[in-house]
Amino acid sequence: MREPVLRSTPATNDDDRDLRPQHMRDMVGQRDVYARLEIAVDSARKRGDTLGHILFDGPPGLGKTTFATCIPRDLGVACQIASGAVLQAPKDLIPYLTNAEEGSVLFIDEIHRLPKAVEEFLYPAMEDFRIDILLGDGVNARTINMTLRPFTLIGATTRAGLLSAPLRDRFQIREHLDFYSVEELTEIVSRSARKLQMKIDADAAREIASRSRGTPRLANNRLRWVRDYVTSKADGKVTLELAHAALDMQAIDRLGLDGQDRKYLETIVRVFHGGPVGVEAVAHTMNLAIDTLSDEVEPYLLRSGLVIRTPRGRKVTAAGYDHLGLAPENPPDTQRSLFG
Ligand SMILES: Nc1ncnc2c1ncn2[C@@H]1O[C@H](COP(=O)(O)OP(=O)(O)O)[C@@H](O)[C@H]1O
Ligand SMILES: [Mg+2]
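Conventions used here
Here, residues in each chain are numbered from 1, in the same order as that chain's written sequence. Labels are handed out in written order, letters beginning with A for the chains and numbers beginning with 1 for the ligands. Owing to the predicted nature of the model, reporting of local features is limited to residues with pLDDT of at least 70; listing and counting of side-chain atom pairs is limited to 80 or more, with chain, interface and lining totals taken over all residues. Note on conventions: DSSP H or I runs of at least 4 residues are helices, E runs of at least 2 residues are strands, and numbering of each starts at the N terminus. Neighbour density around each residue's C-beta defines its exposure: 20 or more other C-beta atoms within 10 Å make it buried, 12 or fewer make it exposed, and counts between make it partly exposed, where C-beta atoms are placed from the backbone. It is the C-beta atoms, placed from the backbone, that decide contacts: two residues are in contact if theirs lie within 7 Å. Each axis is a line fitted through C-alpha atoms, taken for helices only over the stretch in contact, and angles between the N-to-C directions span 0 to 180 degrees. Roughly parallel refers to an angle under 35 degrees, roughly antiparallel to one over 145, roughly perpendicular to one between 65 and 115, and oblique to any angle outside these ranges. Crossings are classed by handedness, with left-handed meaning an anticlockwise turn of the near helix from the far one by less than a right angle and right-handed meaning a clockwise turn. Each residue gets one label: Ala, Val, Leu, Ile, Met, Phe, Trp, Tyr, Cys and Pro are nonpolar, Asp, Glu, Lys and Arg are charged, and the others, such as Gly, are polar. Boundaries of every domain are those given by an automatic assignment or by a domain database. Here pLDDT means the predictor's own confidence in every residue, given as a number from 0 to 100. What makes two strands pair is DSSP finding at least two bridges between them. When the strands point away from the viewer and the path from the first strand over the helix to the second turns clockwise, the crossover is right-handed.

*Asks:* I'd love a proper account of the overall build of the protein chain, names of residues and values included.
*Replies:* The helix and strand tally for the protein chain stands at 13 helices and 10 strands. Each of the three principal axes of the protein chain carries a C-alpha extent, and together these read 70 × 60 × 35 Å. Among the 340 residues that make up the protein chain, the fraction classed as buried is 38%. Here the contacts in the protein chain between residues at least 6 apart in sequence split such that 68% fall between residues at least 24 apart.

What follows is the structure, encoded as C-alpha cells:
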C-alpha cells in the first residue's frame, strides 16, 4: 500500500503525531462509528470507487483528525489537509481541488470556519466534481467551468450547528464522536505508555484515564506529564501513588477537571448565584473567548451533569455544587420567587 502524501497548512500542526493511531483498526472505542466507516471504506475499496464525503463532529480531542487521517491510509489513497481557518476565499481552495487525485481525500479541519463564499464554492465540487471559476470583472467577467477528479471530502468540526444546512446535507456520512469510557481511556493510556516505552501499573493507568474528562488527547497529555514527573522524582515506574501526586500537582481533581473547569463552575456560583446565566456573561467575567468555553470547557461539564442548559442560560446543578464542596445557595430545582 502506498503511503499517503500529507500536505498540511500550518494551522493543522500535528503535535499528537507520535501517539496517533495510523489505521482505524488501531483506534480504541467509538465502535459504532468504526463499524459503519469500516463498511464504507471496505466497500469503496472493493468497488474501486470514491468514498462518499464524511463529516465528523464532536468536542476537541476525541479522534476527528485521527479518523480523518486513518481513512485515506486504510483506503491506500493520498490525503491533503487544510483548515477552514485559512481557506478564506475560493481561490485558497482551488489548488487543493485541482491537485486532488482520483479517489483521494481532502480533509478540511474546522470546516465551520469557512466563509459563506467558500462554502458555496464547495457545493458543486462536492456534488458534481466541478468548480465555476469567475475570471475578470464587470462586462468582461466570465465563468469557466472546470471538471475535477472525483475525491472524498472529510470535514471536521466542533460545531456541527454552525454549518449551513446545504453544506451539511452534501456529506453522505455524518458521524458524531462522543466522550470515551474510563475503560476505553485506560486501554489508550496503556497503549500510549507502551509506545512511549514507559512502565506503568494497571491501577495507575486507570487513574490517569479516570481523570482525563473522557478525552483521549487529555489522557495522552496527562500520561506525558506523569512520565515527566516520574522521570524527575522517581526511578521510572509509574505507580498509583506517583500518578496521584503528579496529577494533584497539576490541580487535576478526581473528576479530571482542571483549574479552568473549576473556575467556570465557581464563576457561575459566586458571581451569578448558580445561574441561569448566559455563556457570554460567564466568558466575559472569566476573560475567555466564548468559543473556548462552549467548545472546550462546557461539553464535558454538561455531559457529567455538573451544569445544565436552560432556556435562560447555564445553571450549576446540585452535583456541581457538591463537586465544589459547597451547599447549593439556590438549589437548581427550586425557582427563586421574584417577590419572595
Ligand atoms: N479512538 C482513539 N484511539 C486511540 N487514540 C486516540 C483515539 N482518538 C484520539 N486519540 C488520541 O488523541 C489524540 C487527539 O485526537 P484527535 O483525532 O487529534 O482529536 P480531534 O481532531 O477530535 O480534536 C490523537 O493524537 C490520538 O493520539
Ligand atoms: Mg483535530
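Structure's up, so let's keep going.
*Asks:* Describe the packing of helix H3 (residues 90-99) against helix H4 (residues 116-128), with residues and values.
*Replies:* Direction vectors running N to C along H3 and H4 enclose 30°, while the axes themselves pass 9 Å from each other. For the element pair H3 / H4, the angle class is roughly parallel. Considering the relative orientation of H3 and H4, their crossing is right-handed. From H3, Pro90, Leu93 and Leu97 reach across to H4, where they touch Ala117, Val118, Phe121 and Ala125. Tallied by class, the residues present in the contact of H3 with H4 amount to 7 nonpolar, no polar and no charged.

*Asks:* Pulling in residues and values, what's your account of the packing of helix H7 (residues 202-210) against helix H9 (residues 240-249)?
*Replies:* Two numbers describe how H7 lies on H9: the axes approach to 8 Å, and their chain directions differ by 25°. By the angle class used here, H7 and H9 are roughly parallel. Along the contact surface, H7 presents Asp203, Ala204, Glu207 and Ile208, while H9 presents Leu240, Ala243 and His244.

*Asks:* Break down the domain arrangement of the protein chain for me, with residues and values.
*Replies:* Annotation of the protein chain at the domain level lists domain 1 (6-176), domain 2 (182-249) and domain 3 (259-324). Centre-to-centre, using C-alpha coordinates, domain 1 lies 33 Å away from domain 3.

*Asks:* Lay out the confidence of the model for the protein chain with the relevant residues and their values.
*Replies:* Of all residues in the protein chain, 92% attain a pLDDT of 70 or more, and the chain-wide mean is 90. Note that pLDDT drops below 50 for residues 7-14; the model gives that stretch 13 contacts with residues more than four away or on any other chain.

*Asks:* An account of the pairing of strand E4 (residues 105-109) is needed here, citing residue identities and associated values.
*Replies:* Buried residues dominate E4, accounting for 5 of its 5 residues. Across the two faces of E4 the burial is the same, with Val105, Phe107 and Asp109 and Leu106 and Ile108 all buried. Alignment of strand E3 (residues 79-83) against E4, held across 5 bridges, turns out to be parallel. Looking at the pairing, Cys79 lines up with Val105 of E4. The β-α-β motif built from E3, the intervening H3 and the parallel element E4 has right-handed crossover chirality. As paired elements, E4 and strand E7 (residues 152-157) share 4 bridges and run parallel to each other. Bridge pairing links Phe107 to Ile154 in E7.

*Asks:* I'd love a proper account of the environment of Ser104, names of residues and values included.
*Replies:* As for its position among the elements, Ser104 is in the loop between H3 and E4. Judged by the 20 C-beta atoms lying within 10 Å of it, Ser104 is buried. Once the C-alpha coordinates of Ser104 and Thr152 are considered, the two residues, 48 residues apart in sequence, prove to be 6.1 Å apart. If sequence neighbours within four positions are ignored, Ser104 has contacts with Pro72, Val77, Ala78, Cys79 and Phe151.

*Asks:* Which residues make up the pairing of strand E5 (residues 130-135), and what values go with them?
*Replies:* Examined bridge by bridge, E5 and strand E6 (residues 142-147) share 6 bridges and lie antiparallel to one another. Its bridge partner being in E6, Asp132 is matched across the sheet by Asn145.

*Asks:* Please give an account of the environment of Asp261 that cites residues and values.
*Replies:* Along the polypeptide, Asp261 turns up in helix H10 (residues 259-272). Residue Asp261 is classed as buried on the basis of its C-beta count, with 22 C-beta atoms lying within 10 Å. Linking Asp261 and Tyr300, residues 39 residues apart in sequence, is a C-alpha distance of 9.3 Å.

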